[in-house]
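# Structural description and commentary
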Amino acid sequence: VTLVVWAVLVCSIILMVKNSLRMRYDSPMEAIVGIFELGLENGARILAVEPMVALVVGGLLGGLIAEWARRRWE
């Protein structure tokens, strides 16, 4: 969950910088608020079924592989 939040934040910052280079914001404060607006939009997209399934299945597979590797090299 933490990685997803950080990924959304970083992607929102990158999109804000791209938008600010296109002069879409009138002030720096508007650009900072734009980060959170973009974060909410992107966060809503993640709550769809397909990304959630991918995150859960990927997390389960990653955990199983990590457990297998721990037992093998212990």
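It should be noted that the structure appears before, not after, this text.
Residues numbered from 1 in each chain as written. Predicted model: local features only at pLDDT ≥ 70, side-chain atom pairs only at ≥ 80, totals over all residues. Heavy atoms only, no water.

The next subject is the overall build of the protein chain. Looking only at helices and strands, the protein chain features 3 helices and 0 strands. Along the protein chain, helices and strands appear, N-terminal first, in the series α-α-α. For 74 residues, the compact-globule estimate of 2.2 N^0.38 gives 11 Å, and the C-alpha radius of gyration of the protein chain, at 18 Å, exceeds that figure by more than 25%. Referenced to the eigenvectors of the C-alpha coordinate spread, the extents of the protein chain come out at roughly 55 × 25 × 15 Å. Within the protein chain, the proportion of its 74 residues that are buried is 15%. Split by element, the accessible area of the protein chain, about 6200 Å² in all, is 73% carbon and sulfur. One way to put it: in the protein chain the 7 positive side-chain charges average out to a point 11 Å from where the 7 negative ones average out. (Helix = DSSP H or I, 4+ residues; strand = E, 2+ residues; numbered from the N terminus. Rg over C-alpha atoms; globule rule 2.2 N^0.38 Å. Buried < 20%, exposed > 50% of the residue type's maximum accessible area, 1.4 Å probe, protein only. Areas by Shrake-Rupley, 256 points an atom, 1.4 Å probe, with all protein chains shown as cover. Lys, Arg positive; Asp, Glu negative; His and termini not counted. Charge placed at Lys NZ, Arg CZ, Asp CG, Glu CD.)

Here we come to the environment of Ile-32. Residue position: Ile-32 is located in helix H2 (residues 28-46). Once the C-alpha coordinates of Ile-32 and Leu-55 are considered, the two residues, 23 residues apart in sequence, prove to be 28 Å apart.

H2 packs onto helix H1 (residues 2-21) with a crossing angle of 130° between their chain directions and a minimal axis gap of 8 Å. Taken together, the axes of H1 and H2 lie oblique to each other. Judged by the twist between their axes, the crossing of H1 over H2 is right-handed. Of the residues in H2, those touching H1 at Val-4, Val-8, Leu-9, Ser-12, Ile-13, Leu-15, Met-16 and Asn-19 are Ala-31, Ile-35, Leu-38, Gly-39, Asn-42, Gly-43 and Ile-46. (Axes fitted to C-alpha atoms, helices over the stretch in contact; angles between N-to-C directions. Parallel < 35°, antiparallel > 145°, perpendicular 65-115°, else oblique. Left-handed = near helix turned anticlockwise from the far one by under 90°. Contact = heavy atoms within 4.5 Å.)

Its place among the elements puts Asn-19 in helix H1. Here Asn-19 falls in the buried class, since its relative accessible area comes to 15%. The residues touching Asn-19, leaving out its near neighbours within four places in the chain, are Arg-24, Tyr-25 and Leu-38.

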